[in-house]
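# Secondary and tertiary structure notes
This is what each chain is made of:
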Amino acid sequence: MEIFTLLENLEEIIEKSKSVPFTSKGLVDRDELLDIIKEIRIQLPDELKQAKWIKEERQRILVEAQKEADGIVKEAENRIIAMIDEHEITRKAYNQKNEIIESANEMSREISQGTKEYADNLLSSTEAVLTTTLENLQKNMTEALNMMQISLEDTLKTIQNSRKELN
């Protein structure tokens, strides 16, 4: 299951939970929630692997773009050397070389920027999901502990009252 689906399942369980009378607390199946949390933990490494792959792919694209730019520069230099005897041709070749280099550099910058933005967006949304999951888990655990405490206190009062009635 995908992490987002698991999170939706958690939300659904919490929303459909039976409420404790006279409180805004709800009763949830602890084992069911723990199973979903376990699934989320299992899924997280896949998300992290995907982020690592994106980082490596970004680096590969940058290296490839640099190689292409270097090839274009080398090609331009070879053309200039071949035409060096003719001044006008040499000047045009020099200008063309500069345009090619600038174009290759611009393309490299655009690819690099796009890759960085994509990786940042992916990491940002993963961070948001993890933060929300952690907050929800903390909230649910606090609510569950409070409900258990109230229930135990009520049971203790009932026992104490019953003992008083016996005496």
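Above: the structure in question.
Residues numbered from 1 in each chain as written. Predicted model: local features only at pLDDT ≥ 70, side-chain atom pairs only at ≥ 80, totals over all residues. Heavy atoms only, no water.

The helix and strand inventory of the protein chain stands at three helices and two strands. Mapped from its N terminus to its C terminus, the protein chain presents α and β elements in the order α-β-β-α-α. For 167 residues, the compact-globule estimate of 2.2 N^0.38 gives 15 Å, and the C-alpha radius of gyration of the protein chain, at 32 Å, exceeds that figure by more than 25%. Over its C-alpha atoms, taken along the principal directions, the protein chain stretches across nearly 120 × 25 × 20 Å. Residue burial in the protein chain is summarised as follows: out of 167 residues, 20% are buried. (Helix = DSSP H or I, 4+ residues; strand = E, 2+ residues; numbered from the N terminus. Rg over C-alpha atoms; globule rule 2.2 N^0.38 Å. Buried < 20%, exposed > 50% of the residue type's maximum accessible area, 1.4 Å probe, protein only.)

Moving on, we come to a negative patch on the surface. Together, Asp29, Asp31, Glu32, Asp35 and Glu39 make up a region of like negative charge exposed at the surface. In this fold, Glu39 is placed in helix H2 (residues 30-82). Residue class for Glu39 comes out partly exposed when judged on its relative accessible area of 32%. (Patch = residues over 30% accessible without salt bridge, like charges linked within 9 Å, V, L, I, M, F, W, Y side chains within 5 Å. Areas by Shrake-Rupley, 256 points an atom, 1.4 Å probe, with all protein chains shown as cover. Salt bridge = Lys/Arg side-chain N within 4 Å of Asp/Glu carboxyl O. Lys, Arg positive; Asp, Glu negative; His and termini not counted. Charge placed at Lys NZ, Arg CZ, Asp CG, Glu CD.)

This next bit is on the nonpolar core. The biggest cluster of nonpolar side chains holds nine residues, and these are Ile3, Leu6, Leu7, Leu10, Ile13, Leu33, Ile36, Ile40 and Val129. When residues of this core are traced back to their parent elements, those giving at least two are helix H1 (3-15) and H2. Here the element with the most residues in this core is H1; it accounts for five residues. (Core = buried A, V, L, I, M, F, W, Y, C linked by side-chain atoms within 4.5 Å.)

Of note in this structure, Phe22 is not a glycine but carries a positive phi near 65°. Structurally, Phe22 is set in the loop between strand E1 (18-19) and strand E2 (26-27).

Reported here for the largest pocket is a volume of approximately 380 Å³. Lining the largest pocket are 21 residues, with Leu10, Glu11, Ile14, Asn136 and Asn140 positioned closest to its centre. Among the secondary structure elements, those contributing two or more residues to the lining of the largest pocket are H1 and helix H3 (87-166). The leading source of residues in the lining of the largest pocket is H3, at eight residues. Considering only residue class, the lining of the largest pocket consists of nine nonpolar, six polar and six charged. By volume, the second largest pocket is sized at about 320 Å³. (1 Å grid on protein atoms, 1.4 Å probe; cavity = no way out; pocket = protein on both sides within 12 Å on 5 of 7 lines; lining within 4 Å. Points joined across faces, edges and corners; volume = space filled by probe spheres on them. Nonpolar A, V, L, I, M, F, W, Y, C, P; charged D, E, K, R; others polar.)

Glancing now at H1. For H1, which comprises 13 residues, the first-to-last C-alpha distance of 18 Å matches the rise-based estimate of 18 Å (1.5 Å per residue) to within 8%. All of the buried residues along H1 are Ile3, Leu6, Leu7, Leu10 and Ile13. The arc enclosing the buried residues of H1, seen along the axis, measures out at 120°, which places them on a common side. Along H1, exposed side chains directed more than 90 degrees from the buried face belong to Glu8 and Glu15. (Expected span 1.5 Å × (residues − 1). Arc of directions from axis to C-beta.)

Turning to the side chain of Ser112, a few remarks are in order. Position of Ser112 relative to the elements: it lies in helix H3. Its relative accessible area of 13% is what places Ser112 among the buried residues. Filtering out sequence-adjacent residues up to four positions away, Ser112 remains in contact with Arg58 and Leu62. (Contact = heavy atoms within 4.5 Å.)

Glancing now at the side chain of Thr115. Within the element layout of this structure, Thr115 appears in helix H3. Excluding residues within four positions of it along the chain, Thr115 makes contact with Arg58 and Ile61.

The subject of this paragraph is the pattern of salt bridges. Tallied over the entire structure, the rule returns seven salt bridges. For Glu64, the salt bridge is made with Arg60, and the minimal N-O distance between the two is 2.7 Å. With Glu64 and Arg60 both in helix H2 and four residues apart, this pair spans about one turn of that helix. For Arg60, a relative accessible area of 40% translates into the label partly exposed. For Arg109, the salt bridge identified is with Glu102, shortest N-O distance 3.0 Å. Residues joined by salt bridges that share partners form a network here, namely Glu57, Arg60 and Glu64.

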